[in-house]
Every structure is written in structure tokens, then in C-alpha cells.
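# Coordinates in review
Chain by chain, the residues:
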Amino acid sequence: MEIFLDTANIEEIKEILSWGVMRGLTTNQKIFLNEKGVNFETQVKKILDLVDGPVSIEAPACDAEGIIKAAREYAKWNKKKVVIKIPMLANGDGIKAAYTLEKEGIKTNVTAMMNVNQTMLAAAAGATYASLFFNRIRDGGVDPIEVVKQSRAFIDQGDYKTKLIVGSIRKPNDVIEIASANPHVITIPYKIMKQMPFHEKTVETLKEFDKAWEEFLKAEKKC
Ligand code: E4P
């Protein structure tokens, strides 16, 4: 299971890259809105220079033609790293776009997915990634863990190349829950990532050890 970062902020990316834990990056239109004032192309190119792995950027069009056109343009920025996030449109146009782009060697990430039917279609169409939105599934009254488990089982049984990404994370414990369902990737917002090293019992334990070390140093035999 790999960890991706869910952000478009350069400082956040630099900080988490320095931890050595992230293997890729995801963004969406709301994430870019947080970076108000930047130019999309310039910002994506900065991100591509930093991240040594797949970078998902959304083609926010509402039909297959629009998605394909935007995707072909974005892919020119770095065909190896750029992954085109494609909305799971209700009329099937997203699936059609993913199928067309993958045949051209452009990587896709079918996104905003909420159930196993959608995973089946994304995998069968040959998408490189398919993104399930954990908390938004739960908001709809469905157990997201079951959706992740069944989606992963479908992919494994059919031997599809598609990697399942799970996003829409609101608290550190979501990451633990999601890991138990074994997706290929969990994409984590910076705010949550920053909370993950913390555990109150770890802090308590380290205080105890620090105190013991001070006592040890006071009593240490000097040579
Ligand atoms: C994942 O790829 C998405 O960018 C993201 O996790 C969506 O999360 P949200 O429910 O916080 O919008």
C-alpha cells in the first residue's frame, strides 16, 4: 500500500517529501482553489519538478471530447508523471474518455467514485487508477470499508491493472480504517499527514525516557 499526498501547495509538498513517505500526489479543483491566484499550468509544472511519481490533475470537462482534449494537452507537460483525473460522469462519458486515453498511453484516474459498479467500469476500461471517496461514501449512509474491500477483490479477481486509490480523509483514524481494507493507495491531505506522527502515549513515553536519561546522566560514572 502506498501513500500519496492530496494537495497542490508547494510548501506542503516540500515538507512531506522531506519525510520520504509519499509516492505520488493527487489534486482536484477544490484543492487548486486553496491556491488562489496561481496559474494552473505553472503550478502543475512546479509540482511535476518536485514529485518523483504520479501526479493526478483533473480534466474538469463535462463530456468525453472535452476531457480528451484537456488530457492530451496536460499529458504533454510530462507524459510519464501526469495522470488525468477523469470524473465518473453519469452518462458514461468519463469511462469512454479513460478508455480512449489509456489506448493512447495517457494515464488516467477515474475519480469521485462511490460504489463497486463504478470500480468495475473504471477497471474494465483500463484506467491506471480509480479513486473511491471514503467519507463521502459514508456521508451517503454506506459502509465505505465494504466498498473498498469489494472493489479491491474485483480488481484482483479480474487481474485488472487498475490501482485503487482511497481519498476523502477527514481524520487520522480514517487512514487506519482504510488500511484495513487494503487499497493500493491512500491519498492523505497535508493537515491529516501532519497529525499522523502524534500519539499521546508516545509523547508520554518519550517524556518518561527523557527524564530517565537526565537521571542517568546525573548519575553516570565519569571516566
Ligand atoms: C482524492 O483524490 C480527492 O482529491 C479528495 O480526497 C477528495 O476529498 P474530499 O471529500 O475532502 O473532497
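Above: the structure in question.
Presented here is a report on the structure given in the accompanying data block. All values derive from a computational prediction rather than experimental measurement.

This paragraph deals with the sheet that holds strand 8 (residues 185-188). Whether parallel or antiparallel, the strands of a sheet pair through hydrogen bonds between backbone atoms. Here we have eight strands rolled up into a closed barrel, ordered 1-2-3-4-5-6-7-8, and parallel in their pairing. Strand after strand, the sheet turns through a mean of 30° between neighbouring axes, direction not considered. Where strand 1 (residues 2-6) and strand 8 come together, four bridges link them in parallel fashion. Residue pairing for strand 8: I3 is matched across the bridge by I186.

Quick look at the nonpolar core now. Membership of the largest hydrophobic core comes to 61 residues, with the highest contact counts inside it found for L25, I47, I67, Y74 and I84. The element contributing the most residues to this core is helix 4 (residues 64-75), with seven residues. In this view, Y74 contacts F40, I57, E58, A59, P60, V82 and I84; residues no more than four positions away in its chain are not counted. Counting residues in each nonpolar core, the second largest holds five residues, with F4, V83, I165 and V185 among its members.

What follows covers the site of the ligand. Taken together, D6, T26, N28, I31, K85, F133, R136, G167, S168 and T187 make up the full set of residues near the ligand. At 2.7 Å, a side-chain N or O of D6 approaches an oxygen atom of the ligand. The fraction of the free accessible surface of the ligand (350 Å²) that becomes covered by protein chains is 86%. Among the residues making up the shell around the ligand, the classes are represented as two nonpolar, five polar and three charged.

Here the focus is the pattern of salt bridges. As a working rule, side chains carrying opposite charge can pair if their charged atoms are close by. Scanning the entire structure with this criterion turns up 13 salt bridges. Put simply, K96 and E65 hold a salt bridge, and the shortest N to O gap is 3.9 Å. Separated by 31 residues along the polypeptide, K96 in helix 5 (residues 93-103) and E65 in helix 4 bring together distant segments of the chain. Assessed through its relative accessible area of 44%, K96 is described here as partly exposed.

Here the structure, examined in full by the defined rule, presents seven aromatic pairs. A ring pair is formed by W213 and F216, whose centres lie 5.0 Å apart and whose planes are at 15°; its orientation type is stacked. Taken together, the residues W213 and F216, both in helix 11 (residues 200-219) and three residues apart, mark about one turn of the helix. Residue F216 is classed as partly exposed on the basis of its relative accessible area, which comes to 42%.

By the alternation rule, side chains of strand 8 split into V185 and T187 and I186 and I188, which are all buried. In this structure, strand 7 (residues 163-167) lies alongside strand 8, joined through two bridges in parallel fashion. In the sheet register, I165 faces strand 8, and the bridge partner there is V185. A crossover links strand 7 with its parallel partner strand 8, the connecting element being helix 9 (residues 172-179), and its sense is right-handed.

Thresholds, definitions, all that
Residues numbered from 1 in each chain as written. Predicted model: local features only at pLDDT ≥ 70, side-chain atom pairs only at ≥ 80, totals over all residues. Heavy atoms only, no water. Pairing = 2+ DSSP bridges. Helix = DSSP H or I, 4+ residues; strand = E, 2+ residues; numbered from the N terminus. Axes fitted to C-alpha atoms, helices over the stretch in contact; angles between N-to-C directions. Core = buried A, V, L, I, M, F, W, Y, C linked by side-chain atoms within 4.5 Å. Buried < 20%, exposed > 50% of the residue type's maximum accessible area, 1.4 Å probe, protein only. Contact = heavy atoms within 4.5 Å. Near = heavy atom within 4 Å. Polar contact = N/O pair within 3.5 Å; in protein donor to acceptor, adjacent residues only side chain to side chain. Areas by Shrake-Rupley, 256 points an atom, 1.4 Å probe, with all protein chains shown as cover. Nonpolar A, V, L, I, M, F, W, Y, C, P; charged D, E, K, R; others polar. Salt bridge = Lys/Arg side-chain N within 4 Å of Asp/Glu carboxyl O. Phe/Tyr/Trp six-rings, centres within 6.5 Å; stacked < 30°, edge-to-face > 60°. Right-handed = clockwise from strand over helix to strand, strands pointing away.

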